[in-house]
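Inside the fold
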Amino acid sequence: MTANRIAIVRRAGGPERVEVIDAATPVPRAGDVLIAVEATGVAFADVVMRKGVYPGVGFPFTPGYEVVGRVVSGDGIAPGTRVAALTVTGGAARLAVVPAADCVAVPDAVPSVQAAALVLNGLTAWQMLTRCVAQPSVETMLVWGAAGGVGSVLLALGRHFGIRTFGVASGSRQDFVRQRGATPIDRAGDVAAQVRAASDGGVDAAFDGVGGPNVRISEAALRPGGCLVMFGFQGALGGERLNPLKAAAAVLRSPRRSAQAQFLAGTGRRGYLIGQWKDAHPAFYRDDLAAILALAAEGRLVADIAAELPLDRIADAHRMMAAGTQPGKIVIRP
Ligand SMILES: NC(=O)c1ccc[n+]([C@@H]2O[C@H](COP(=O)([O-])OP(=O)(O)OC[C@H]3O[C@@H](n4cnc5c(N)ncnc54)[C@H](OP(=O)(O)O)[C@@H]3O)[C@@H](O)[C@H]2O)c1
């Protein structure tokens, strides 16, 4: 039976490796639900998987780090219920099987495209801000990749919590940062100096998904007592130019710092990985995703959508991701 249609990547390479094929209808096992997918996202993580260097994901795989859709059948959730879930892989399909325990109900007021843009990026931004750093104590923050998927949600949450936000972006994407109520910081300039000058000596929190040597710049932008949250290696990995051996070497060259130096500087470093947090604190995952979707339902959190494309154009979505011209999240509508 070939009622399903899925994206598949069989070998490492560029966007042309992302194919869309007919497939059998997946069968949910005990504890799973079958979902008719209405939306899934494209993320930098998909590029890393497609290049064959994402830990734990081998070939062939179906991309799609999240799903939003209606339950068709399975355990514990009524058919027809619209749910969102973090999947890591498998979301780019008309039909997907997901553990029922990972599904969170999507309020009627939230369109599926919005919900999909808020699963991976929303959870990442929310948990970094509310669980890695004590959000009520953050008056100022620095966001790298502010016009990107995670960064644009951090800008929105900054507005929601009343945090003065400095957003790093390149070229004309700085206009986007300004329009979202944050202070644009030119990626081509001396970021730490610009932030210190504009923030009276540094920020309370810096969110750095660029990684590698960039963390030094982030730390130089902190005020005493501030905290750096490291959540990616986008700069070291080099996007579409990613070469696995060079990437591994670049990641290993991340600056080291002694506990003593950290104590004397009074600043902290945290790492954030969404999968680790989900496994360690499944209740946080569910509560936080529900909280984000509730904010969206109230109209207090609106994700920026870079583009909406049908499943058959997912390779184009990967090309757009590489070009990185449109701010916000690229969403696929299977
Ligand atoms: N740890 C986790 O659990 C987790 C979860 C989600 C995402 N991530 C990570 O978060 C990062 C961002 O992901 P995303 O999906 O939001 O990506 P994205 O949509 O591509 O946005 C990231 C933005 O960062 C900027 N950028 C790229 N390379 C840069 C560099 N070398 N130096 C400075 N800025 C650079 C680019 O914007 P400009 O051109 O405007 O500068 C880019 O649009 C990635 O590292 C990803 O792996 C981690």
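Attention here is on the structure that accompanies the text. The structure presented is a predicted model; accordingly, all values stated were derived computationally and were not measured.

**Thoughts on the pairing of strand E11 (residues 203-208)**
In regular strands, side chains alternate between the two faces of the sheet. For E11, the buried fraction is high: six of the six residues fall into the buried class. Bridge analysis of strand E8 (residues 140-143) against E11 gives three bridges, and the strand direction is parallel. Looking across to E11, one finds that valine 143 is bridged to phenylalanine 207. In terms of strand pairing, E11 meets strand E12 (residues 222-230) through five bridges, oriented parallel. From the neighbouring strand, alanine 205 faces E12, where its bridge partner is cysteine 227. Read as a crossover between parallel neighbours, the route from E11 over helix H7 (residues 214-220) to E12 is right-handed.

**Thoughts on the environment of phenylalanine 233**
Mapped onto the fold, phenylalanine 233 is located in the loop between E12 and helix H8 (234-237). Judged by local crowding, phenylalanine 233 falls into the buried class, with 20 C-beta atoms found within 10 Å. Distance from phenylalanine 233 to valine 210, taken between C-alpha atoms, is 4.9 Å for residues 23 residues apart in sequence. The contact partners of phenylalanine 233, leaving out residues within four places of it in the chain, are Gly211, Gly212 and Val251.

Rules of the game
Residues numbered from 1 in each chain as written. Predicted model: local features only at pLDDT ≥ 70, side-chain atom pairs only at ≥ 80, totals over all residues. Buried ≥ 20, exposed ≤ 12 C-beta atoms within 10 Å, placed from the backbone. Helix = DSSP H or I, 4+ residues; strand = E, 2+ residues; numbered from the N terminus. Pairing = 2+ DSSP bridges. Right-handed = clockwise from strand over helix to strand, strands pointing away. Contact = placed C-beta atoms within 7 Å.

Purely spatial values, then, with no claim about function.
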